[in-house]
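# Commentary on secondary and tertiary structure
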Amino acid sequence: MLEHLHARHTFHRLPDSDTLAASDDARLAFFADKVYQRLVSACQTHTLLVVPTYVDFVRVRNWLKKQTASFLACTEYSDVSEVARARSDFFHGRRDLLLITERFHFYHRFKLRGIQHVVFYGLPQLAEFYAELVNLMSLFDDTGGTVTCLYAQQDQLALQRIVGTERANHMLASNKPDGEEDEEGEDEDEEGEDEDGE
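Structural notes, computed from the coordinates. (Residues numbered from 1 in each chain as written. Predicted model: local features only at pLDDT ≥ 70, side-chain atom pairs only at ≥ 80, totals over all residues. Heavy atoms only, no water.)

A word on the environment of Asp56. Tracing the backbone shows Asp56 in helix 2 (residues 54-66). Taking the relative accessible area as the measure of exposure, Asp56 reaches 12% and is therefore buried. Sequence separation between Asp56 and Gly122 is 66 residues, and the spatial gap between their C-alpha atoms is 8.9 Å. Among residues more than four places away in sequence, those in contact with Asp56 are Val51 and Tyr121. (Helix = DSSP H or I, 4+ residues; strand = E, 2+ residues; numbered from the N terminus. Buried < 20%, exposed > 50% of the residue type's maximum accessible area, 1.4 Å probe, protein only. Contact = heavy atoms within 4.5 Å.)

Attention shifts here to the pairing of strand 5 (residues 117-120). Residue alternation in strand 5 divides its side chains into two sets, His117 and Val119 and Val118 and Phe120, and both sets are buried. Sheet analysis places strand 2 (residues 47-51) next to strand 5, joined by 4 bridges and oriented parallel. Bridge pairing in strand 5 links Leu48 to Val118. By the bridge criterion, 4 bridges tie strand 5 to strand 6 (residues 146-151) in an arrangement that is parallel. From the neighbouring strand, His117 faces strand 6, where its bridge partner is Thr146. (Pairing = 2+ DSSP bridges.)

What follows concerns the nonpolar core. In this structure, Phe11, Ile100, Phe120 and Leu159 are the most contacted members of the largest nonpolar core, which totals 32 residues. Ranked by residues supplied to this core, first place goes to helix 5 (residues 127-134) with 4 residues. Once you skip the residues sitting within four places of it in the chain, Ile100 turns out to touch Leu48, Leu49, Val50, Val51, Cys74, Leu112 and Leu133. Of all hydrophobic cores here, the second largest spans 23 residues; its members include Leu14, Phe30, Leu64 and Leu150. (Core = buried A, V, L, I, M, F, W, Y, C linked by side-chain atoms within 4.5 Å.)

Assignment of secondary structure puts His105 in helix 4 (residues 102-108). For His105, a relative accessible area of 7% translates into the label buried. Setting aside chain neighbours within four positions, we find His105 in contact with Phe129, Glu132 and Leu133.

This part is about helix 2. Over its 13 residues, helix 2 extends 18 Å from the first C-alpha to the last, a length consistent with the 18 Å expected when each residue adds 1.5 Å. Among all positions in helix 2, only Asp56, Phe57, Val60, Trp63 and Leu64 are buried. Down the axis of helix 2, the sector holding all buried residues measures 140°, keeping them to one side. Opposite the buried face of helix 2, by more than 90 degrees, sit the exposed residues Val55, Lys65 and Lys66. Tucked into the core, helix 2 has its buried residues touching helix 1 (20-41), strand 2, strand 3 (71-74) and strand 4 (97-101). In the stretch just after helix 2, Thr68 is the one whose phi turns positive, near 50°. (Expected span 1.5 Å × (residues − 1). Arc of directions from axis to C-beta.)

What follows is the structure, given as structure tokens:
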């Protein structure tokens, strides 16, 4: 069950792609051009970035390094001291972004402190992870946080597990790729909006 009901949950539909490789490239491009640029322009800190697989982790980590981004990274392969240091630095704001894999959460279930924003690079395969990770946010009076999710046509089942079948089918049938769908929160917009807010 979601605890932060007033945080804004925004779902971005990615453009349709003919192949999985093209879809992976489109996802990274969308993250780079839209999501990450928004984080930078808003000077957003204390952001948890969750990627579904280790392959996604490597792609995103390498891209962030090229941008000289202020980030930390933890995976299922990180040692205990590395994780402890990353958790402390993130909580105290010494880095803006914490990048983790879904399997890192699966194996450890750490209570990551200091999270104010969550970005799902891809939808988690286990639906309960969505609520678990969002509920880690440290919000004053349950306001001010944001949850951002990227999804594509092939994410239909994962999307259904999170928002329900009817809502997922509506979102996937939309003719607005690159658009936004607000699923929860006080800023909810039933029809969604495009990237320019029109």
